[in-house]
Amino acid sequence: KAMDIPRNCKNPQLILLCSWTDAAPRHIMKYMHAYRNLYPTSPILLVRTSSSDFFLNSERALQQRLEPAIRIIRAHLEDEPSSGPNEGFLAHALSNGGSGHLTCLARQYHATTGHPLPVDVLILDSTPTRARFKSILAGLSVALPSPVWIRLPMRILLMILVFLAYVIPRRLGLSTMADRVYDDLISLETLDNSGRKSKEWLRKEAVRSYIYSEADDICLAKDIIPHVEEAARRGMPIRNEVWVGSGHVGHMKLDPERYWKVVKETWEGRN
């Protein structure tokens, strides 16, 4: 259900699109073309995600890779005054891979400027969820080659990597990257009981649309729903969009008219 807040018809000053892990270029281009049709005057910054970003690269290495994106964001939002048909910042993250890169950018932006990433609208497609062995493995296995003699050893390697990177740390009581991303998306600047200060990585005023489905067996609805509820409890404006029958990041494919209507109405309903 659309929120009853004032409409604003200016196009985004910048669109940040963070794709899901190992997404094929032909699939990403469908989102790029749709945004170009919706907002023809808006520049689009694409951040692609690969499995190696989460297993072979340290967070510091990932931040270095994303540094050009930070420069682009700052150039468009800080150095260039908004004028004409463009105003504001729209971020769109697909799956946990996309939201992982989004939160990494937000942390880096905060470290550089001392401020939250100035997002006005946030589209969260099939994300975020906590770390689960089966769902993480399923998500990373989608892009594996079809021939079984290649796919099987690569899947075994993935199982080992997921076990080492996600299962063992959780059993030791440590936070995983998936847990950090889950928390970062709704972080506020507060003090906890031990006096530690948490940071606001993304603007709490950003209007958030959660798009997800009960049929998604990779990013489970039962993990996303508590995130939606917690965001609402923290005073973040949210829009809850539940699809029926669509698989992981398959919501746009199932009903593109509804999907882009949600994006458009969320943008027009921002503060």
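That block above? That's the structure.
Structural notes, computed from the coordinates.

## So, the sheet that holds strand S2 (residues 44-49)
One open sheet accounts for six strands, arranged S2-S1-S3-S4-S7-S8; its pairing is parallel. Taken across any chain shown, the strands that pair with only one partner, and hence form the sheet edges, are S2 and strand S8 (238-243). Averaged over all pairs of adjacent strands, the angle between their axes in this sheet comes to 10°, without regard to strand direction. Pairing between strand S1 (residues 14-21) and S2: five bridges, direction parallel. Within the sheet, the bridge partner assigned to Ile-15 lies in S2 and is Ile-44. Along the sheet, helix H4 (residues 95-113) makes contact with S1, S2, strand S3 (89-94) and strand S4 (121-125), crossing S3 at roughly 140°.

## Considering a nonpolar patch on the surface
On the surface, Val-148, Trp-149, Leu-152, Ile-156, Met-159, Ile-160, Phe-163, Leu-164, Ile-168 and Leu-172 cluster together to form a nonpolar patch covering roughly 1000 Å² of accessible area. Tracing the chain through its elements places Phe-163 in helix H6 (residues 148-171). Residue Phe-163 is classed as partly exposed on the basis of its relative accessible area, which comes to 35%.

## Section: the pattern of salt bridges
Scanning the model with the defined rule gives 14 salt bridges in all. The partner of Arg-233 in a salt bridge is Glu-230, and the shortest N-O contact between them spans 2.7 Å. Linking Arg-233 with Glu-230, this pair stays in helix H8 (residues 221-233), spanning three residues, or about one helical turn. Looking at Arg-233, the relative accessible area reads 61%, which means it is exposed. Here Arg-239 and Glu-241 are joined by a salt bridge, their closest N and O atoms 2.7 Å apart. Arg-239 gets classed as buried once you look at its relative accessible area, which sits at 6%. Residue Glu-241 is classed as buried on the basis of its relative accessible area of 5%.

## Side note on the packing of helix H1 (residues 25-38) against helix H10 (residues 256-268)
At a minimum axis distance of 12 Å, the contact between H1 and H10 shows a crossing angle of 50°. In terms of orientation, H1 lies oblique with respect to H10. Where H1 crosses over H10, the two elements pack in a sense that is right-handed. Of the residues in H10, those touching H1 at Tyr-31, Ala-34, Tyr-35 and Leu-38 are Tyr-259, Trp-260, Val-263 and Lys-264. In the contact of H1 with H10, the residues fall into seven nonpolar, no polar and one charged.

## Some details on the nonpolar core
For soluble globular proteins, nonpolar side chains are generally found buried alongside one another. Core analysis: the biggest nonpolar cluster contains 36 residues, and Leu-16, Leu-102, Leu-117, Val-119, Leu-202 and Tyr-210 have the highest contact counts within it. Breaking this core down by element, the ones donating at least two residues are S1, S2, helix H3 (59-79), S3, H4, S4, strand S7 (207-213) and H8. Leu-17, Trp-20, Tyr-39 and Leu-94 belong to the second-largest nonpolar core, a separate cluster that totals 24 residues.

## Here's the deal with unusual backbone geometry
With omega at 5°, the peptide bond leading from Thr-127 into Pro-128 counts as cis. Its place among the elements puts Pro-128 in the loop between S4 and helix H5 (133-141). Of note in this structure, Asp-22 is not a glycine but carries a positive phi near 60°. Phi angles above zero are rare outside glycine, and Ser-95 is one such case at about 65°. For Ser-95, the position within the fold is in helix H4.

## Considerations on the pairing of S1
S1 sits mainly inside the fold: eight of its eight residues count as buried. Pairing of S1 with S3, which is carried by five bridges, proceeds in the parallel orientation. The residue of S3 that forms the bridge with Leu-16 is Ala-91. Traced from S1 through H1 to S2, the parallel crossover comes out right-handed.

Parameters at a glance
Residues numbered from 1 in each chain as written. Predicted model: local features only at pLDDT ≥ 70, side-chain atom pairs only at ≥ 80, totals over all residues. Heavy atoms only, no water. Pairing = 2+ DSSP bridges. Helix = DSSP H or I, 4+ residues; strand = E, 2+ residues; numbered from the N terminus. Axes fitted to C-alpha atoms, helices over the stretch in contact; angles between N-to-C directions. Contact = heavy atoms within 4.5 Å. Patch = residues over 30% accessible without salt bridge, like charges linked within 9 Å, V, L, I, M, F, W, Y side chains within 5 Å. Areas by Shrake-Rupley, 256 points an atom, 1.4 Å probe, with all protein chains shown as cover. Salt bridge = Lys/Arg side-chain N within 4 Å of Asp/Glu carboxyl O. Buried < 20%, exposed > 50% of the residue type's maximum accessible area, 1.4 Å probe, protein only. Parallel < 35°, antiparallel > 145°, perpendicular 65-115°, else oblique. Left-handed = near helix turned anticlockwise from the far one by under 90°. Nonpolar A, V, L, I, M, F, W, Y, C, P; charged D, E, K, R; others polar. Core = buried A, V, L, I, M, F, W, Y, C linked by side-chain atoms within 4.5 Å. Right-handed = clockwise from strand over helix to strand, strands pointing away.

Function cannot be inferred from these measures alone, as they are strictly geometric.
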